[in-house]
Amino acid sequence: MNNSGVITNTANMVDIDRLSKYTGGLNALVAQGGGQRGIFTAGVLDAFLLSDFDPFHRFYGTSAGALNLSAYLCRQKGIGRSFILDLTTSAEFFHLFSYIRRKQYLGLDWALEKICDYPYRLDIDMGRRVLGSRQAYAAVTDASRLIDCYLPMLAEDWKQVLTATCAIPRLYEHEVNFPHGSYIDGGVSASIPVQEAWRQGARCIVVIRTEGDEVPIPEPLVSKPSDAEWYRDPLNLVQDHWQQKLTQWKGEWNDFFNDRIQRSKQQKQILASLNGGRWLFGADDIYRLSHLLGDGFDSSLMDMLMVHYQTYSLTRDFLHTPPDDCFIVQIKPSQPLLSSSLMSSREELLHDYQLGLDAGFRCVETFDQCGITQLEGYFNLK
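Residues numbered from 1 in each chain as written. Predicted model: local features only at pLDDT ≥ 70, side-chain atom pairs only at ≥ 80, totals over all residues. Heavy atoms only, no water.

In the nomenclature of an unreviewed UniProt entry, the protein is known as Patatin-like phospholipase family protein of Vibrio marinisediminis.

Pasting the structure below:
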């Protein structure tokens, strides 16, 4: 029984008849992170806005995915595109050699202030009206336990929440503190928060991805628990099942990272390998940046990378073999995006934005064939 389908900028591989059986309950929209690769997500969501397409009851985003969902809910076409194209390409947001020489950290606070001001003016009040009684969450990672948590996206502390979901360790200066805890980048523990959408009752889940499965990742070093319902728990709580194998697990991860580090040393230029990764730049480039800054590849960074790779592998399994009671539609590029997590050119970003637009319109057509385009009242607010 295949309860999943894929929509790209060039093709539609969804069983319409089967999908239509799942659209009568709770529908969720999930947006992956990916730094500047989020320009693809911006294109998808702008296509949704141009088509008055909003059949969703729940929204879940990580990092750039959460930023793009905020723009979508605020009904401001082009805001997500501008955030990435105008602001994240500015030296005030990130400049590699300033970061290396003076530890000029990622300018998230500057960018969020700019997006609220002229000429952008992100309209959070409109976003709250559009959201209404529905729910929107940004994925963050508990800094001490490294488990996934989900914070309301458009509450009074919305700016702090968006900062937290984007707070990449080693690039952003510090953890983001709330009365209920301290958090870092959601991509560490939940780069695609699709399991949370399912756990909260969504049975038709649209997932916007900024990469395909061509990106290699190591297989899980520890097998999934035999319990078929493992995905009912937050991802990192699954590790409770693995405590007896923890020593072996860390030993194997040490071998894996040492191999990556040795390979990275054989490359001549750091800039040649800074082409992004699912989270930050990939294990070898995190090591190299830490080395340039005089930092060690310490155990805390090792633990974050270990959690990321393990949870991402479990998530990929979930996307391809979802539970029988839900249907997952993945929207993703038909080929690897030209843009990177950081330091992409405007030409690369504009190219990937267009791919997102094309994929978004294909998704709208697919749901139109199921007879569903929007929830009554959410586009035409009185």
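What follows picks up the thread again.
## Side note on the pairing of strand β6 (residues 148-152)
Among the five residues that make up β6, four are buried, leaving the element largely enclosed by the rest of the structure. As paired strands, strand β5 (residues 135-142) and β6 are joined by five bridges and run antiparallel to one another. Within β6, the position partnered with A138 by the bridge is L151. Here β5 folds back onto β6, and the loop between the two strands holds five residues, one of which, L146, carries a positive phi near 55°. (Buried < 20%, exposed > 50% of the residue type's maximum accessible area, 1.4 Å probe, protein only. Helix = DSSP H or I, 4+ residues; strand = E, 2+ residues; numbered from the N terminus. Pairing = 2+ DSSP bridges.)

## What to know about the nonpolar core
L29, F48, F59 and I331 are the most contacted members of the largest nonpolar core, which totals 81 residues. Every residue in contact with F59, bar those within four places of it in the chain, is listed here: L29, D54, L69, Y72, L73, L131, R134, Q135, A136 and Y137. Core analysis: the second largest hydrophobic core is formed by 19 residues, Y60, I205, Y312 and I328 among them. (Core = buried A, V, L, I, M, F, W, Y, C linked by side-chain atoms within 4.5 Å. Contact = heavy atoms within 4.5 Å.)

## Remarks on helix α14 (residues 346-369)
Taking 1.5 Å as the rise per residue, α14 with 24 residues should run 34 Å; its terminal C-alpha atoms sit 35 Å apart, in good agreement. Listed in full, the buried residues belonging to α14 are L349, D352, Y353, L355, G356, L357, A359, G360, C363, V364, T366 and F367. Looking one or two places after α14, you find G371, whose phi comes out positive at around 80°. (Expected span 1.5 Å × (residues − 1).)

## Quick notes on the packing of helix α6 (residues 108-115) against helix α8 (residues 158-166)
Look at α6 against α8: their axes get within 10 Å of each other, and the N-to-C directions meet at 140°. On the basis of the axis angle, α6 is oblique to α8. As for how α6 packs across α8, the hand of that crossing is right-handed. Here α6 contributes L108, D109, L112 and E113 to the contact with α8, which in turn contributes K159, L162, T163 and C166. (Axes fitted to C-alpha atoms, helices over the stretch in contact; angles between N-to-C directions. Parallel < 35°, antiparallel > 145°, perpendicular 65-115°, else oblique. Left-handed = near helix turned anticlockwise from the far one by under 90°.)

## Here we look at helix α3 (residues 64-73)
α3 sits mainly inside the fold: 10 of its 10 residues count as buried. Of the positions making up α3, those classed as buried are A64, G65, A66, L67, N68, L69, S70, A71, Y72 and L73. Directly after α3, the chain includes R75, whose backbone phi takes a positive value near 60°.

## A few points about the pattern of salt bridges
Overall, the coordinates contain 10 salt bridges when judged by the stated rule. For K159, the salt bridge identified is with E113, shortest N-O distance 3.1 Å. Within this pair, whereas K159 is found in helix α8, its partner E113 is found in helix α6, the two being separated by 46 residues in sequence. By relative accessible area, which is 27% here, K159 ends up partly exposed. Classification of E113 by relative accessible area gives partly exposed; the value is 46%. One salt bridge connects D142 with R145, and the closest N-O pair in it is separated by 3.5 Å. Given the relative accessible area of 54%, R145 is considered exposed. Put simply, D54, R75 and R134 are held in one network by salt bridges that share partners. (Salt bridge = Lys/Arg side-chain N within 4 Å of Asp/Glu carboxyl O.)

## Some words on the side chain of D142
The residue D142 is located in strand β5 in this model. At 2.8 Å, the side chain of D142 and the side chain of S144 are in polar contact. The contacts of D142, once residues within four sequence positions are left out, are I147, C149, S182 and Y183. (Polar contact = N/O pair within 3.5 Å; in protein donor to acceptor, adjacent residues only side chain to side chain.)

## Let's talk about the environment of D17
When you line up the elements, D17 lands in helix α1 (residues 16-20). Remark: the alpha-carbon pair of D17 and Q369, spanning 352 residues in sequence, is separated by 9.1 Å.

## Focus on the packing of aromatic side chains
When we look at a pair of aromatic rings, we describe it by the centre distance and by the angle of the planes. Within the structure shown, the criterion is met by 11 aromatic pairs. Measuring from centroid to centroid gives 5.6 Å for F53 and F367, while their planes differ by 65°, and the two rings are edge-to-face. Placement of F53 in the loop between α2 (38-50) and β4 (58-62) and of F367 in helix α14 is noted, with a sequence separation of 314 residues between them. The buried category is assigned to F53, whose relative accessible area is 0%. (Phe/Tyr/Trp six-rings, centres within 6.5 Å; stacked < 30°, edge-to-face > 60°.)

## Some details on the UniProt feature "active site" (unreviewed entry) in the protein
As recorded in UniProt, the feature "active site" (unreviewed entry) lies at S63 and D185. In summary, the annotated positions, though distributed over 123 residues, converge in three dimensions, the widest C-alpha pair being only 6.8 Å. Secondary-structure assignment places S63 in the loop between β4 and α3. For S63, a relative accessible area of 10% puts it in the buried group. With sequence-adjacent residues up to four places away left out, S63 is seen in contact with G33, T165, C166 and D185. (UniProt positions renumbered as here; feature names shortened; annotations may be inferred.)

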